Amino acid sequence: MRALAALFVRDLRLAVRVGGGGGIGVLFFLIVVVLMPFAIGPDLALLARIGPAILWLGALLASLLTLDRLFAADHEDGSLDLILMGGTPLELAVAAKALAHWLTTGLPLVIVVPLLGLFMNLDGRASAAVALTLLVGTPALTFIGVIGASLSVALRRGGLLLAVLILPLTVPVLIFGVSASNAAIIGPLPFGTPFTILCALSLVSLVIGIFAAAAALRHGME
Amino acid sequence: MALIDFANPTRFLAFAERVLPWLIGLTVLAFAGGLYLTGGAPDDYQQGATVKIMFLHVPSAWLSMFGWTVMSIAALGTLVWRHPLADVAAKAAAPLGAAFTFLCLTTGSLWGRPMWGTYWVWDARLTSVLVLFLMYLGVIALWHTVEEPSRAGRAAAILTLVGAINIPIIKWSVDWWNTLHQPASVVKLSGPAIHPTILLPLMTMAVAFLLLFFTLHIAAMRNEILRRRVRTLMLMRAQAAPGNAS
């Protein structure tokens, strides 16, 4: 247990240091959301209508692009081999790393949403709805992403492979996340229905993600 | 003859040599019969002769899901039972499944234009089949990114098992969601809801497609085994070349 806590704290510390990459996800999210009105045009009504979707897509892409940070650095300096050979169950070690990753990458995205909601002409209620769905949905993105990160950890020319593998699996999270946001803003669907499914997706991806990622690490490291 | 008897690649190649001509013959016969029955099937009272796209579209859809199922069983063979030819089976099935999914999406789209008025609609069935197609392409990409075959096989096996959740979603998408696509008409608890004059050609074409899958699959497995032998020979030649340490 202490080993897991130490691993968790280590990952948190590494993420906030220089080169950790914790804040770069937020920057990318900001840039993507700012780019959208340049492409779509300044029609405020239209932006408010598709605002939740744009914020969700930006968060999805920002999560995706920071995923290789999860295992790549440890693989390069050999810490991943030490974790694999250590006494703690690999699934729990992966869970600890993924949780630290979410706290430093996913949670900042959620915190920034009210500001970005202003750019999308979303009122307070709408921004709050999007922030809440992202709070519950970004763990799903992280834990699904950890599967792809573990599959591509040992590849030198991974490139876009991680994105290609992960994006089809994140489609349900995206659908229900936007559906829940829109339900809170316009209705007619009650907010609870897609929101509870979103919570369920996060919980299921927590379980499946860490087992699949641990299996991929065991089989992939030679 | 248990599956484990085919763990020896040479034995499998001998088996493939013997079986393939018969499979090809059976496939040709089945297609001949299926296409003849398709020609003789009655026109739909609303759709006219266009309904006959169904005899291509539905078997392709069934085979696309069957392909991922075959890959999932092969994935279990790789990870759980360590069957030596399981990852060969999985690698051979991936492009076949992708091709059948593409055929399903294309024939469905061409059928949808005259019938629904649109080439595409984002309903549950079409979306989940499109996601299946993207996952097929993802698995093929993963196979081509890792050089060493058995490592690639293990990685692809994990991805296949994670993606297997999509198959029940596709099957029941027309029941769980409000969709434009026709609900389940053949494989359901209360039996098929189609008249025998259309059901028989459909089943014959389905059998023909299935035989086609098996034929192409065994041929592709044979090719993959030979490909790996070529790779090993090339590695051995590079190792024995003058000027090489070892």
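Look a little higher up for the structure.
Undergrad: Please set out the overall build of chain B residue by residue, giving values where relevant.
TA: Helix and strand counts for chain B come out as seven helices and zero strands. Starting at the N terminus, the α and β elements of chain B follow one another as α-α-α-α-α-α-α. Judged by the C-alpha coordinates and their principal axes, chain B covers about 75 × 35 × 30 Å. Burial analysis of chain B (246 residues in total) assigns 33% to the buried set.

Undergrad: Break down the overall build of chain A for me, citing the residues and quoting the values.
TA: Check the secondary structure of chain A and you find nine helices and zero strands. Mapped from its N terminus to its C terminus, chain A presents α and β elements in the order α-α-α-α-α-α-α-α-α. Taken over C-alpha atoms, the radius of gyration comes to 18 Å for chain A, in line with the 17 Å a tight globule of 222 residues would show. Within chain A, buried positions represent 46% of all 222 residues. Partitioning the contacts of chain A with sequence separation of at least 6, the portion at a separation of at least 24 is 79%.

Undergrad: Quick one: what's the story with helix H6 (residues 90-119) of chain A, residue by residue and with numbers?
TA: Relative to the 44 Å expected for 30 residues at 1.5 Å per residue, H6 of chain A spans 42 Å between its end C-alpha atoms, a close match to the ideal helical length. Downstream of H6 of chain A by one or two residues, Asn121 of chain A has phi in the positive range, about 60 degrees.

Undergrad: Run through the environment of Ile208 of chain A, naming residues and quoting values.
TA: Residue and element names in this part refer to chain A. Relative to the helices and strands, Ile208 resides in helix H9 (residues 192-220). Taking the number of C-beta atoms within 10 Å as the measure of exposure, Ile208 has 17 and is therefore partly exposed. C-alpha of Ile208 to C-alpha of Ile144: the two residues are 64 residues apart in sequence and 8.2 Å apart in space.

Undergrad: Just give me the short version of the interface of chain A and chain B, but keep the residues and values in it.
TA: Taken together, the contact pairs 16 residues of chain A with 14 residues of chain B. When residues of the side of chain A that touches chain B are traced back to their parent elements, those giving at least two are helix H7 (124-151), helix H8 (161-185) and H9 of chain A. Looking at the side of chain A that touches chain B residue by residue, the classes come out as 13 nonpolar, two polar and one charged.

Undergrad: If you had to explain the packing of helix H4 (residues 124-145) of chain B against helix H5 (residues 149-163) of chain B to someone new, which residues and values would you point to?
TA: Residue and element names in this part refer to chain B. Relative to each other, H4 and H5 sit at 165 degrees, their axes nearing to 9 Å. Taken together, H4 and H5 sit at an angle that is classed as roughly antiparallel. Regarding H4 and H5, the two cross each other, and that crossing is right-handed. Within the contact between the two elements, H4 uses Met135, Gly138, Val139, Leu142 and Trp143 and H5 uses Ala152, Ala155, Ala156, Leu159, Thr160 and Gly163. Of the residues assigned to the contact of H4 with H5, the class counts are eight nonpolar, three polar and no charged.

What counts and how
- Residues numbered from 1 in each chain as written.
- Chains lettered and ligands numbered in written order.
- Predicted model: local features only at pLDDT ≥ 70, side-chain atom pairs only at ≥ 80, totals over all residues.
- Helix = DSSP H or I, 4+ residues; strand = E, 2+ residues; numbered from the N terminus.
- Buried ≥ 20, exposed ≤ 12 C-beta atoms within 10 Å, placed from the backbone.
- Rg over C-alpha atoms; globule rule 2.2 N^0.38 Å.
- Contact = placed C-beta atoms within 7 Å.
- Expected span 1.5 Å × (residues − 1).
- Nonpolar A, V, L, I, M, F, W, Y, C, P; charged D, E, K, R; others polar.
- Axes fitted to C-alpha atoms, helices over the stretch in contact; angles between N-to-C directions.
- Parallel < 35°, antiparallel > 145°, perpendicular 65-115°, else oblique.
- Left-handed = near helix turned anticlockwise from the far one by under 90°.

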